[in-house]
Amino acid sequence: MSIVNQSEPPRLPSKTKAELDRISNLPRHLVEQILLHLPIRDLVRTSVLSRTWRYKWATTPYLVFDKQCLNVSSQDQTLIKNKLVNIIDHVLLLHKGPIHKFKLSHRDLLGITDIDRWILYISRSSIKEFILEIWKGQQYMPPSCLFNCQNLIHLELFNCLLKPPLTFKGFKNLRSLDLQHITIIQDVFENLISSCPLLERLTLMNFTGVTHLNIDARNLQFFDVGGNFDDVSFQNTPHLALVSIGLYVNINNDENNAQDSSSKLLRFFVNLPQIQRLEVQNYFLKYLAIGNVPSRLPNPCVDLNYLSICVDFDDLGENTAALCLLRSCPNLQELEMLKSDVFCRLD
């Protein structure tokens with residue numbers, strides 16, 4: 001006869017290691033998705049989960065170094081810079097496999113020379129997406145090896161000085177280009193755009209060195225620009241559908257009309273046969289009003305369904321240009337009109 005101790009709870013069957021470590025037994029594609037959505041700081045910390053996880057983070061193809069990768073309460077810029085450099089060096093040293101995305105965007109990062117060797121390192125990989133945002137200090141000039149990254153699909157640069165090597169023949173696979181607060185000379189800009197045959201999206205904001213925006217990009221579909229420039233023209237852009245243009249400096253139409261009577265409005269639309277959305281911001285409508293403005297465009301914008309225009313209602317030229325646009329959009333569905341702080345929306 002056995003005696004049962006009523007004071008002791010019944011023993012539960014012991015769990016296996018596999019049951020205790022369920023996360024390691026997840027399908028590989030789920031593990032990869034978990035790693036892809038973690039900030040780099042937490043990504044590296046997964047190495048302490050188990051022996052199986054020790055180096056899983058080192059194979060992730062997406063590396064993002066932003067404000068989430070560094071948690072420092074100090075305001076010492078040198079300390080912050082040194083910690084950030086050490087983190088990036090450590091990750092790149094232990095990383096294995098290809099790097100498809102590299103993003104460096106930290107508010108306290110200057111254009112330091114360490115960036116040169118990081119770019120050299122990733123240029124030897126099959127990098128497809130490169131984002132560099134220098135928020136402080138002078139403009140940073142990327143090394144020539146960046147222009148050797150022929151697998152690039154997306155390139156984004158902030159506060160940079162662009163001087164490609166003479167041997168640069170363009171990015172053959174680039175589909176998206178975002179340049180903000182950059183310096184680039186006229187012929188280099190035109191060569192960059194025209195030598196990216198697959199380019200679909202182009203964003204250009206607050207730039208110096210370019211006065212004439214001559215856009216030659218056969219596959220371009222999206223164009224967003226804001227800055228100070230003298231002229232804009234499209235060549236070989238049959239698929240361009242979404243355009244947003246802001247001219248930040250006011251112009252004198254009386255002087256321009258005296259020098260050139262040809263219509264800027266007509267020239268602007270001649271190579272935009274499939275335009276669907278158009279945003280005319282800041283002083284760009286004043287630019288379109290230069291020259292002889294027709295009552296309507298010879299070829300109506302039949303695909304244009306959204307129009308946003310900033311207009312000075314006290315300016316006869318701008319009113320004439322705005323009316324020409326409205327008469328030339330027979331299928332317009334949504335209209336936004338802005339006057340300084342006044343906003344009008346018509347659906």
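Quick look at the structure, then. (Residues numbered from 1 in each chain as written. Predicted model: local features only at pLDDT ≥ 70, side-chain atom pairs only at ≥ 80, totals over all residues. Heavy atoms only, no water.)

### With respect to the overall build of the chain
So, point 1. A tally of helices and strands in the chain yields 10 helices and 14 strands.
So, point 2. When each of the 347 residues of the chain is scored for burial, the buried share is 41%.
So, point 3. For the chain, restricting intrachain contacts to residue pairs at least 6 apart in sequence, the fraction spanning at least 24 positions comes to 58%.
So, point 4. Working note: accessible area of the chain is about 19,100 Å², and carbon and sulfur atoms make up 51% of it. (Helix = DSSP H or I, 4+ residues; strand = E, 2+ residues; numbered from the N terminus. Buried < 20%, exposed > 50% of the residue type's maximum accessible area, 1.4 Å probe, protein only. Contact = heavy atoms within 4.5 Å. Areas by Shrake-Rupley, 256 points an atom, 1.4 Å probe, with all protein chains shown as cover.)

### Notes on the packing of helix α4 (residues 77–94) against helix α5 (residues 114–123)
So, point 1. Taken N-terminus to C-terminus, the directions of α4 and α5 make an angle of 15 degrees; their axes are 12 Å apart at the nearest point. Our classification of the angle between α4 and α5 gives roughly parallel. For the pair α4 and α5, the crossing hand works out as left-handed. Taken together, the residues of α5 that come into contact with α4 (itself represented by K81, V85, I88, D89 and L92) are D114, R117, W118 and Y121.
So, point 2. Grouping the constituent residues of the contact of α4 with α5 by class yields five nonpolar, no polar and four charged. (Axes fitted to C-alpha atoms, helices over the stretch in contact; angles between N-to-C directions. Parallel < 35°, antiparallel > 145°, perpendicular 65-115°, else oblique. Left-handed = near helix turned anticlockwise from the far one by under 90°. Nonpolar A, V, L, I, M, F, W, Y, C, P; charged D, E, K, R; others polar.)

### Quick notes on the nonpolar core
So, point 1. In this structure, F102, I115, F130, F223, F268 and F284 are the most contacted members of the largest nonpolar core, which totals 89 residues.
So, point 2. At six residues, the largest contribution of residues to this core is made by α4.
So, point 3. For this core, the two domains that each supply at least three residues are domain 2 (62–210) and domain 3 (211–252 + 262–346).
So, point 4. With near-sequence residues (within four places) excluded, F223 lies in contact with L202, I215, F234, L240, L242, V243, S244 and I245. (Core = buried A, V, L, I, M, F, W, Y, C linked by side-chain atoms within 4.5 Å. Domains from an automatic or database assignment.)

### Focus on the pattern of salt bridges
So, point 1. Within the structure shown, the criterion is met by nine salt bridges.
So, point 2. As a salt-bridge pair, R117 and D89 come within 2.7 Å of each other at their nearest N and O atoms. Of the two residues, R117 is situated in helix α5 and D89 in helix α4; the sequence distance between them amounts to 28 residues.
So, point 3. Between K101 and E129 there is a salt bridge, with its nearest N and O atoms 3.9 Å apart. Of this pair, K101 sits in strand β2 (residues 101–106) while E129 is found in strand β3 (residues 129–134), placing the two residues 28 residues apart along the sequence.
So, point 4. Taken together, the salt bridges that share partners define one network made up of D89, D114 and R117. (Salt bridge = Lys/Arg side-chain N within 4 Å of Asp/Glu carboxyl O.)

### Considering the packing of aromatic side chains
Each aromatic ring pair is summarised here by two numbers: the centre-to-centre distance and the angle between the ring planes.
So, point 1. Taken as a whole and judged by the stated rule, the model has 12 aromatic pairs.
So, point 2. Pairing W135 with F158 gives two aromatic rings, centres 4.6 Å apart and planes at 35 degrees, and the pair type is tilted. Placement of the pair is W135 in the loop between β3 and β4 (154–158) and F158 in strand β4, with a sequence separation of 23 residues.
So, point 3. According to the relative accessible area criterion, W135 is partly exposed, its value standing at 29%.
So, point 4. Ring centres of F223 and F234 lie 5.7 Å apart, and the angle between their planes is 90 degrees; on these two criteria the pair is classed as edge-to-face. Linking F223 in strand β8 (residues 222–227) with F234 in strand β9 (residues 231–235), this pair joins segments that are 11 residues apart in sequence.
So, point 5. Three or more aromatic residues link up through ring pairs in this structure, and these residues are F223, F229, F234, F268, F269, F284 and Y287.
So, point 6. Positioned above the aromatic ring of F222, the side-chain terminus of R201 is 3.9 Å from the ring centre.
So, point 7. Of note, R277 hangs over the ring of Y306, and the distance from its end group to the ring centre comes to 3.8 Å. (Phe/Tyr/Trp six-rings, centres within 6.5 Å; stacked < 30°, edge-to-face > 60°. Lys NZ or Arg CZ within 6 Å of the ring centre and 35° of its normal.)

### Quick word on the pairing of strand β6 (residues 201–208)
So, point 1. In the sheet, strand β5 (residues 176–183) pairs with β6 via seven bridges, with the strands oriented parallel. Of the residues in β6, the one forming a bridge with T183 is T208.
So, point 2. Tracing the backbone out of β5, into helix α6 (residues 186–194) and back to the parallel element β6 gives a crossover that is right-handed. (Pairing = 2+ DSSP bridges. Right-handed = clockwise from strand over helix to strand, strands pointing away.)

### Examining the side chain of D114
So, point 1. Assignment of secondary structure puts D114 in helix α5.
So, point 2. Reaching out from D114, the side chain makes a polar contact with the side chain of R117 at a distance of 2.7 Å.
So, point 3. Sequence-distant contacts of D114, that is, excluding residues within four places in its chain, are made with K81 and V85. (Polar contact = N/O pair within 3.5 Å; in protein donor to acceptor, adjacent residues only side chain to side chain.)

This is a description of form; function is not addressed.
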